[in-house]
Amino acid sequence: MNRQKTNYSVDLVLTTLFFIVAFTGLYMHYFIPSGIQRGRYVVYMGLTKATWIWIHSKAGILMTILVIIHFILHWKWIVCTTKNFFRKEQCELEKAD
């Protein structure tokens, strides 16, 4: 897989995970009551509270891993842009084939 397809794939999965984490976080905050419900098995949109938390946590962990991969893939751009911001001489990146 070439670099452009790798970047696109990482960014696409990262964006998808962001929306999953955002949706589950907002849903749990606004629609699932805090605390433990005693004596009853409560389901929210077909999933238990524990399942919502599990999905939110696992998607957040995967998103963190992909952010690190994203930084690694774009490290040269980050360094060059930072140098350009603080120096007068310009740093240039190699052009992709």
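S.K.: Which residues make up the overall build of the protein chain, and what values go with them?
M.R.: Counting secondary structure elements, the protein chain contains three helices and two strands. Listed N to C, the secondary structure of the protein chain is α-β-β-α-α in terms of helices and strands. In terms of C-alpha radius of gyration, the protein chain reaches 20 Å, well past the compact-globule figure of 13 Å for 97 residues. C-alpha atoms of the protein chain, sized along the principal axes, occupy 70 × 35 × 15 Å. Among the 97 residues that make up the protein chain, the fraction classed as buried is 18%. Of the roughly 8200 Å² that the protein chain leaves accessible, carbon and sulfur atoms contribute 66%. Distance between charge centres in the protein chain, computed from 11 positive and 5 negative side chains, equals 19 Å.

S.K.: Explain the state of the cysteines to me, using residue names and the numbers behind them.
M.R.: Under the definition given, this model contains one disulfide. Through a disulfide, C80 is tied to C91; the S-S separation comes to 2.4 Å. Looking down the S-S bond of the C80 and C91 bridge, the torsion is -130°, so its handedness is left-handed. Linking C80 in helix 3 (residues 75–86) with C91 in the segment after helix 3, this pair joins segments that are eleven residues apart in sequence. Classification of C91 by relative accessible area gives partly exposed; the value is 28%.

Conventions we followed
- Every chain's residues receive numbers from 1 upward, in the order its sequence appears when written.
- Confidence filtering applies because this is a predicted model: local features only for residues at pLDDT of at least 70, side-chain atom pairs given and counted only at 80 or more, and all residues used for totals across whole chains, interfaces and linings.
- Water and hydrogen atoms play no part in the side-chain values, which are based on all heavy atoms of the structure.
- Per the convention used, a helix needs a DSSP run of H or I reaching at least four residues, while a strand needs a run of E reaching at least two, with both numbered from the N terminus.
- Radius of gyration here is computed from C-alpha atoms only, and the compact-globule reference equals 2.2 Å multiplied by the residue count raised to the power 0.38.
- Exposed residues in this analysis have more than 50% of their type's maximum accessible area, buried residues have under 20%, and partly exposed residues fall in between, with area computed by a 1.4 Å probe over protein chains only.
- For the accessible areas, the method is Shrake-Rupley and the probe is 1.4 Å, while residue cover comes only from the protein chains on display.
- His is not counted here, nor are the chain ends, while Lys and Arg score as positive and Asp and Glu score as negative.
- Note that the charge is assigned to NZ on lysines, CZ on arginines, CG on aspartates and CD on glutamates.
- Criterion for a disulfide: a pair of cysteine sulfur atoms at a distance within 2.5 Å.

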